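Residue-level structure breakdown
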Amino acid sequence: MSGKLIDSPWKMKLVKESMKILPKFSQNNLVRMAALAEKLTNDDDLKRKAHGMKELFAQGHPSVELAKSIINRLSSNCRNGLIQDFFLNASLLGAYKREEVLNELGFEPPYLIVVSPTMRCNLRCEGCYAGEYEQKYGLSFEEVDNIMEQAKDLGIYFVTISGGEPFVRKDMLDIYEKHNDIYFHIYTNGTLIDKKMAKRLADLGNVAPVISIEGFEEETDKRRGKGTYKKVMCAMDYLKEEGVVFGGSITETRYNIDLISSEELVDMLVDKGAMIIWYFQYIPIGKEPKIDLMPTPEQRDMLRRRINYLRAEKPIFIGDFWNDGPHVDGCIAGGRKYLHINANGDIEPCVFTHFAVDNIRKTTLKEALCSDFFRAIRARQPYRQNLLTPCMIIDKPEVLREVVKKCNAYPTHKGAETIVTTLATKLDKYSCEYHKIADRVWEKEWTGTRAYQFALERYQARKVKEVVT
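The following paragraphs examine the structure supplied in this document.

Notes on the pairing of strand β3 (residues 183–188)
The element β3 is largely enclosed, with a buried count of six among its six residues. Residues of β3 alternate between two faces, with Tyr183, His185 and Tyr187 on one and Phe184, Ile186 and Thr188 on the opposite face, all of them buried. Here strand β2 (residues 158–161) runs beside β3; their pairing, made up of four bridges, is parallel. Note on β3: the bridge partner recorded for Val159 is Phe184. As a crossover connection, the stretch from β2 through helix α7 (residues 172–178) into β3 is right-handed. The parallel pair β3 and strand β4 (residues 207–213) is bridged by helix α8 (residues 195–204), and the resulting crossover is right-handed.

And the structure:
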């Protein structure tokens, strides 16, 4: 590993002790592991999350069953990769390196980065956020390799690979093997994962595919093409047989939100062996953006309540990219917790914000994080005290327009500018309508909590947190 990742003998002793405990499954050992993680990390956010996990394990939450599955079902390579690369390198030890950078340069590097090495894809899905990028673009093996080295120098050991379809690039498997101290989270349509590929991923141990689905067969094939659902189900079976960590990725729209939040669909994924579900609200970007595909404000709040229920009942990790704002202290873009490097090398604030001022071929990751564009975004976070409205695209759209104009950010593909031009009025209307619902919920359910206090403190201090030129 690059850099000094741990700073005292007693902490290293705790790390070694944790490695001994985790493979020996019991509820008490899970509580002990979470307590060790809480002691080890110097990151307040991770410390809070570790404390929360400790309480859930002690209460016998379904997460105990998920942990049991991780320990008993995964192959030894995949279990060790998850423990060493994700829990230790990315979540615990990397935090020490990120703190060193904070002390040296005055900003804390993000917890993860998203890299899209290619925009090529074997499918053509309606509404794909990546659908308008040039298919000919692509980062070379050497460029991706260099990005990984730069990330580790900043203490970043968790990397999401997106696209396009990542598995059209066979050389990326060599990247995962070379950087076996990084944990890779791969967003994929799943159609290129056969028995041989599943076996290779099991051998690597540090790769977790997250497969896109739209519901069941009818819904998935309607958007992704006939036969896609059956291929996805086979891919999940292969991954489960080989003991690989995998999950599902779901884009919620106005027309599928009841189905994708149903117990029936979640139970199917749990039975298949999925350990993660990510929900992403449709954002009107990419291929033929349509405002009327967005879930209504009422539907968005319904999903928030449904996911709270599912989390309490199902042994699977569930993330809701917009409704989970209170759990991550608002927007995480602009390098606060993550950023996106697209296939042309443009360094974007997030995968849905298709604007940039820097390109990885002309600048370093460290320099991009210090750019006026990223600093301007971070200085405005959180954009509202209400962390249920975290997004500068759909919840506070004037922020995106302001920073794009102020920093002269360029659109990273043809048509990307529509989010701040022709769609602006409709997004303003959407945000106002959602605020009416979200503000009532925030006042009733969150006022007085630690998340509320943290949001208030950050909101009041944001103008002086970073110097914006």
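Focus on the environment of Ile193
Considering the arrangement of structural elements, one finds Ile193 in the loop between β3 and α8. We classify Ile193 as buried; its relative accessible area is 4%. Residues Ile193 and Ile211 lie 18 residues apart in sequence; the distance between their C-alpha atoms is 10.0 Å. Not counting the four nearest positions on each side in its chain, Ile193 is found in contact with Phe167, Thr188, Ala198, Pro209, Ala235, Tyr238 and Leu239.

Topic: the pattern of salt bridges
If you walk through the whole model with that rule in mind, you get 25 salt bridges. Residues Glu214 and Arg223 are paired through a salt bridge, measuring 3.1 Å at the closest nitrogen-oxygen approach. One continuous salt-bridge network, built from bridges that share partners, spans Asp301, Arg304, Arg305 and Glu445.

Some words on the packing of aromatic side chains
In this description, an aromatic ring pair is defined by two values, namely the gap between the centres and the angle between the planes. Considering all chains together, one arrives at 16 aromatic pairs under this definition. Residues Phe280 and Phe321 carry aromatic rings whose centres are separated by 5.1 Å and whose planes lie at 40° to one another, so their mutual orientation is tilted. Taken as a pair, Phe280 in strand β6 (residues 276–281) and Phe321 in the loop between β7 (317–320) and β8 (340–341) lie far apart in primary sequence, 41 residues in all. Summarising the aromatic geometry, the rings of Phe280 and Phe352 are spaced 6.3 Å apart at their centres and angled 45° between planes, so their arrangement reads as tilted. Residue Phe280 is located in strand β6, and its partner Phe352 is located in the loop between β9 (347–348) and β10 (355–356); the two are separated by 72 residues in the primary sequence. Pairwise contacts between aromatic rings join Tyr187, Trp278, Phe280, Phe317, Phe321, Trp322, Tyr338 and Phe352 into one cluster.

Reading the values: rules and limits
- Residues numbered from 1 in each chain as written.
- Predicted model: local features only at pLDDT ≥ 70, side-chain atom pairs only at ≥ 80, totals over all residues.
- Heavy atoms only, no water.
- Buried < 20%, exposed > 50% of the residue type's maximum accessible area, 1.4 Å probe, protein only.
- Helix = DSSP H or I, 4+ residues; strand = E, 2+ residues; numbered from the N terminus.
- Pairing = 2+ DSSP bridges.
- Right-handed = clockwise from strand over helix to strand, strands pointing away.
- Contact = heavy atoms within 4.5 Å.
- Salt bridge = Lys/Arg side-chain N within 4 Å of Asp/Glu carboxyl O.
- Phe/Tyr/Trp six-rings, centres within 6.5 Å; stacked < 30°, edge-to-face > 60°.

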